Amino acid sequence: MEGIMRIPIIAGNWKLNKTISEAVALTTALKALVADNTSVEVIVAPPFTALSAVSDAIASSNIRLAAQDVYSEDSGAFTGEVSAPMLKDAGCDYVIIGHSERRQYFGETNDSVNQKVKAALAHDLKPIICVGEQLEEREAGQTETVIKSHVTGGIAGLSAADLSSCVLAYEPVWAIGTGKTATPDQAQEVHNFIRGLLTEAYSAEVASQICIQYGGSVKPENAAELMVQPDVDGALVGGASLEAESFAKIVEMAVSSQLRGWL
Ligand code: 13P
């Protein structure tokens, strides 16, 4: 739909990296570099152990906090898990759910993603729901089938109001940590397909408001060409988010793509 201005979201998924002091140092450096930004939502997702310290470090800044996972229950005998109320308490506004590494190594399924999404929403945390096909699936022509099952499975049972609090992230598994980025056309094609799925399930108006990030080897060098695509609304960044300068450059690219879109 023309004329809709989605605010791009640039999120740094730090994965299994950074001690508390390293996390605070990175955040402090980043805070200074993105202080002037008002047109892009900037998010950092440190490991659980650093959430609270990073929350203090970003106080009264324009950076928001995300966790990398959440459990579907609020409390109880679930050793090792962290719940949505706990993440809220630690200062999170967002939570990444269904990252391909969780699907691949930790048995995450569309059903568990859906339960986690509902738990997050119940506690006013915005889910960043990750979807993406593996290389063999793309090569076998199954990209749309896989994306459809990840998207419809992840958002099953959500009202339009619930969906409007969600962010989707398209991360082709073959592009994660490999240095191989999807071409801007490949990304746009899948993002447009996802928006079409949301249109079918809700309406064009609802679909036009949802932010769909791209993730997979996003770097300062390729961020601009991805983000000028009409359905690419920002980036979920792994490796390049571990240094303040490279992450801040991606934020700058998003700001200038945004300005170009508005002209
Ligand atoms: P890389 O940017 O390191 O490829 O990681 C992408 C990712 O998985 C973000 O969630």
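Just above, that's the structure.
Figured I'd write up the structure that's included with this text. (Residues numbered from 1 in each chain as written. Predicted model: local features only at pLDDT ≥ 70, side-chain atom pairs only at ≥ 80, totals over all residues. Heavy atoms only, no water.)

**What about the overall build of the chain?**
Part 1 of the argument: Counting its regular elements, the chain contains 12 helices and eight strands.
Part 2 of the argument: Relative to the globule expectation of 18 Å for 263 residues, the C-alpha radius of gyration of the chain, 17 Å, shows essentially globular dimensions.
Part 3 of the argument: The C-alpha extent of the chain, read off along each of the three principal axes, is 45 × 45 × 35 Å.
Part 4 of the argument: When each of the 263 residues of the chain is scored for burial, the buried share is 52%.
Part 5 of the argument: For the chain, contacts bridging at least 24 residues in sequence account for 73% of all contacts bridging at least 6.
Part 6 of the argument: As displayed, the chain offers around 11,600 Å² of accessible surface, 51% of which is attributable to carbon and sulfur atoms.
Part 7 of the argument: Side chains of the chain give 18 positive and 33 negative charges; the mean places of these two sets differ by 2 Å. (Helix = DSSP H or I, 4+ residues; strand = E, 2+ residues; numbered from the N terminus. Rg over C-alpha atoms; globule rule 2.2 N^0.38 Å. Buried < 20%, exposed > 50% of the residue type's maximum accessible area, 1.4 Å probe, protein only. Contact = heavy atoms within 4.5 Å. Areas by Shrake-Rupley, 256 points an atom, 1.4 Å probe, with all protein chains shown as cover. Lys, Arg positive; Asp, Glu negative; His and termini not counted. Charge placed at Lys NZ, Arg CZ, Asp CG, Glu CD.)

**Re the pattern of salt bridges**
Part 1 of the argument: Tallied over the full model, the rule gives 13 salt bridges.
Part 2 of the argument: Residue Arg6 is joined to Asp231 by a salt bridge in which the shortest nitrogen-to-oxygen separation is 3.9 Å. Remark: Asp231 occurs in the loop between helix 11 (220-227) and strand 8 (234-237) and Arg6 occurs in the segment before strand 1 (9-13); sequence separation between them is 225 residues.
Part 3 of the argument: Since its relative accessible area comes to 13%, Arg6 is described here as buried.
Part 4 of the argument: When its relative accessible area of 9% is taken as the criterion, Asp231 is described as buried. (Salt bridge = Lys/Arg side-chain N within 4 Å of Asp/Glu carboxyl O.)

**Describing the packing of aromatic side chains**
Part 1 of the argument: Under the counting rule described, the total for this entry stands at three aromatic pairs.
Part 2 of the argument: Here Tyr71 and Phe78 contribute two aromatic rings whose centre-to-centre distance is 5.1 Å and whose plane-to-plane angle is 45°, an arrangement assigned as tilted.
Part 3 of the argument: Overall, the relative accessible area of 23% leaves Tyr71 in the partly exposed class.
Part 4 of the argument: When the centroid spacing of 6.3 Å and the interplanar angle of 90° are considered together, the rings of Tyr105 and Phe106 count as edge-to-face. Phe106 matches Tyr105 in its accessibility class, with the two residues each being exposed.
Part 5 of the argument: In this arrangement the basic side chain of Arg102 is found over the ring face of Phe106, its NZ or CZ atom lying 4.2 Å from the centre. (Phe/Tyr/Trp six-rings, centres within 6.5 Å; stacked < 30°, edge-to-face > 60°. Lys NZ or Arg CZ within 6 Å of the ring centre and 35° of its normal.)

**Let's talk about the site of the ligand**
Part 1 of the argument: Every residue near the ligand is listed here: Asn13, Lys15, His99, Glu171, Ala175, Ile176, Gly177, Gly216, Ser217, Leu236, Gly238 and Gly239.
Part 2 of the argument: One nitrogen or oxygen atom from the side chain of Glu171 is found 2.9 Å from an oxygen atom belonging to the ligand.
Part 3 of the argument: Between an oxygen atom of the ligand and a main-chain N or O atom of Gly239, the distance comes to 2.8 Å.
Part 4 of the argument: Taking 310 Å² as the accessible area of the ligand by itself, protein coverage stands at 96%.
Part 5 of the argument: Each residue belonging to the shell around the ligand can be placed in one class, and the counts come to three nonpolar, seven polar and two charged. (Near = heavy atom within 4 Å. Polar contact = N/O pair within 3.5 Å; in protein donor to acceptor, adjacent residues only side chain to side chain. Nonpolar A, V, L, I, M, F, W, Y, C, P; charged D, E, K, R; others polar.)

**Describing the sheet that holds strand 2 (residues 41-45)**
Strands belonging to one sheet form pairs held by backbone hydrogen bonds; the direction of such a pair is parallel or antiparallel.
Part 1 of the argument: The strand order around the closed barrel built from eight strands is 1-2-3-4-5-6-7-8, with neighbouring strands paired in parallel fashion. Each strand of the sheet is rotated relative to its neighbour by a mean of 25°, with strand direction disregarded.
Part 2 of the argument: In this structure, strand 2 lies alongside strand 3 (residues 63-67), joined through three bridges in parallel fashion. Directly across from Ile43, in strand 3, lies its bridge partner Arg64. (Pairing = 2+ DSSP bridges. Axes fitted to C-alpha atoms, helices over the stretch in contact; angles between N-to-C directions.)

**Let's talk about the nonpolar core**
Part 1 of the argument: One finds Ile10, Leu87, Ile194, Leu198 and Tyr214 to be the most contacted residues of the largest nonpolar core, which totals 67 residues.
Part 2 of the argument: Counting 13 residues, the second largest nonpolar core, distinct from the first, contains Ile9, Ile43, Ala66 and Cys130. (Core = buried A, V, L, I, M, F, W, Y, C linked by side-chain atoms within 4.5 Å.)

Worth remembering: the numbers are spatial, not functional.
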